[in-house]
Every structure is written in C-alpha cells, then in structure tokens.
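Each chain is listed here by its residues.
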Amino acid sequence: MTRLVLGSASTGRLKVLRQAGVEPLVVVSGVDEDAVTAGLGPDVAPDAMVAALASAKADAVTRQLPAEVAADCVVVGCDSMLLLDGHLRGKPASLDAARAQWQSMAGRSGQLHTGHCLIRLQHRAITDRKCETVVTTVHFGTPTTADLDAYLDSGEPLQVAGGFTLDGLGGWFIDGVDGDPSSVIGISLPLLRTLLGRVGLSIAELWAT
C-alpha cells in the first residue's frame, strides 16, 4: 500500500491531513532554510522561493527513508511565506519581530504563498516529481493591545509562517480568506489532490492506507 510521507514538523499540516482521512508518516527534513534562501539570491520571486524550500525539504526526506517505505510512497514537502508590502515574511525570529509584524499587517491583507513538492517513489526509486505553489489572500483583523500581548505570550506566532495561523489562537484575528483555507494552515488539500492525480494516485488509496 502506498504511504504518504509528510516532510514537516508542522502540527497544523499533520492535523489537516488527519482530518482529511490520511495518517501520514512524519519525517522532519532538517533542511537549513536560511542556507536555501541565501543561495537563491535577493531577487527571487515569492513562488520560486517557497517552491525551492518545499523541494529541498522533500529531497532531504526522500534521502532519509528506510527501504521498506521507499518501496511504495509519496513524499510531500511544503513551505509557506507571507508577502506583504513587497517583502516575504517567514516565521518571526523573536517576539519583538512578531509584534512588529502584527502591527504592520493588522487591518490589512497579505498573500500567503505555499509551495508544494511531491515526490513519488516505487521500488526505492523516484518515478515522478511535481512541484507547484498556491497563493491565498488573508485578511487580518486588528487585535487589541491586550489580545496581541496575550497572543505573543502564547509563543504561537514564532512557530508559524507570517506569525499567524488559521487553526490556532491566531484564527481569532483573521477576518477572512480568499482562496483555499487549508493552504493557510500550510498544506493545500485541493492542490495536493491534483498533484497526487498527476502521479497516478487517488485519494481513496491514501484513505485506505
């Protein structure tokens, strides 16, 4: 049976897949994201940036797999970054950075770019590879000073791209989404369904697994 391998430590991505009927094998890539982005240069387009990071994660996980898993599996790597004011923003490096980020995006909208890289393995060899990006517009609310302080104290903004997430405490401060809500959590079910179909896999097969 084909196994889906999630190359991410994200609890949000894992929860999305579990709620959609799939129990993935989680293998954390260990990719140095700063090194990958530095190698791309300062003028890389947002889609190219998240696609490169997703690819690096999927490749790293593929190299780690034991033979019994690599005999029949599909590896999924993802990465998300928020585009606001022409700048890409990943996970805030500190609470001060998270506070400044929220102050800049409160009451505004940004585009969340989420790259997906899917690698199909059969008989311990790569037989197919698909990479695509989805863009979702997120409309942010304006938290009160007290609510923002409490949110920052929770530590959640430091763990998620853009300093927010839809499926946690940050969901209180998101007024709306134009596009796929699951991509805001880090993995797009519609895009993943399409990519799986392109490598010859059905969703029903993964449900059975």
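Residues numbered from 1 in each chain as written. Predicted model: local features only at pLDDT ≥ 70, side-chain atom pairs only at ≥ 80, totals over all residues. Heavy atoms only, no water.

A. Layout of the overall build of the chain. Helix and strand counts for the chain come out as nine helices and seven strands. Overall size of the chain, expressed as C-alpha extent along the three principal axes, is 55 × 35 × 25 Å. In the chain, which comprises 209 residues, the proportion classed as buried is 45%. Considering only intrachain contacts with a sequence separation of at least 6, the fraction spanning at least 24 residues in the chain is 71%. For the chain, the exposed surface amounts to about 9,600 Å²; the carbon and sulfur share of it is 52%. If you average the places of the 16 positive and of the 23 negative side-chain charges in the chain, the two averages end up 7 Å apart. (Helix = DSSP H or I, 4+ residues; strand = E, 2+ residues; numbered from the N terminus. Buried < 20%, exposed > 50% of the residue type's maximum accessible area, 1.4 Å probe, protein only. Contact = heavy atoms within 4.5 Å. Areas by Shrake-Rupley, 256 points an atom, 1.4 Å probe, with all protein chains shown as cover. Lys, Arg positive; Asp, Glu negative; His and termini not counted. Charge placed at Lys NZ, Arg CZ, Asp CG, Glu CD.)

B. Molecular detail of the nonpolar core. Counting residues in hydrophobic clusters, the biggest one holds 20 residues, and the most contacted among them are L4, V76, L118, I187, L192 and L196. At four residues, the largest contribution of residues to this core is made by helix α8 (residues 189–198). When near neighbours in sequence (up to four residues on either side) are disregarded, V76 contacts L4, V5, L6, G7, C117, L118, I187 and L192. Counting residues in hydrophobic clusters, the runner-up holds 15 residues, among them W102, M105, F140 and I174. (Core = buried A, V, L, I, M, F, W, Y, C linked by side-chain atoms within 4.5 Å.)

C. Local environment of α8. Taken residue by residue, α8 has L191, L192, L195 and L196 as its buried positions. Looking straight down α8, one finds its buried side chains confined to an arc of 135 degrees; they lie on one side. For α8, the side-chain oxygen to backbone nitrogen distance between the N-cap and L191 is 3.2 Å, and the N-cap itself is S188. Just beyond α8, the residue with positive phi is G200, at close to 85 degrees. (Arc of directions from axis to C-beta. Polar contact = N/O pair within 3.5 Å; in protein donor to acceptor, adjacent residues only side chain to side chain.)

D. Representation of unusual backbone geometry. In this structure, H123 is a non-glycine residue whose phi angle is positive, near 55 degrees. Mapped onto the elements, H123 comes out in the loop between β5 (109–122) and β6 (125–140). Given the relative accessible area of 72%, H123 is considered exposed. One non-glycine residue, R124, lies in positive phi territory at about 70 degrees. Position of R124 among the secondary structure elements: in the loop between β5 and β6.

E. Representation of the UniProt feature "active site" (unreviewed entry) in the chain. Here, the residues flagged by UniProt with the feature "active site" (unreviewed entry) are D79. Tracing the sequence through the fold places D79 in strand β3 (residues 72–84). Ignoring sequence-local partners within four residues, the contact set of D79 consists of R13, E33, V50, L53, A54, K57, H113, T114 and G115. (UniProt positions renumbered as here; feature names shortened; annotations may be inferred.)

F. Layout of the packing of aromatic side chains. A complete count under the given rule lists five aromatic pairs for this structure. Summarising the aromatic geometry, the rings of Y151 and F173 are spaced 5.6 Å apart at their centres and angled 65 degrees between planes, so their arrangement reads as edge-to-face. Within this pair, whereas Y151 is found in helix α6 (residues 145–154), its partner F173 is found in the loop between α6 and β7 (174–178), the two being separated by 22 residues in sequence. Put simply, the rings of W102, F140, Y151, F164 and F173 pair up and form one aromatic cluster. (Phe/Tyr/Trp six-rings, centres within 6.5 Å; stacked < 30°, edge-to-face > 60°.)

G. Up close: the pairing of strand β1 (residues 3–6). Relative to β3, β1 runs parallel, the two being bridged by four bridges. Pairing of V5 across the sheet is with V75, part of β3. Pairing geometry for β1 and strand β2 (residues 25–26), over two bridges, is parallel. Bridge pairing in β2 links V5 to L25. Assessed by its sense of winding, the connection that carries the chain from β1 through helix α1 (residues 11–19) to β2 is right-handed. (Pairing = 2+ DSSP bridges. Right-handed = clockwise from strand over helix to strand, strands pointing away.)

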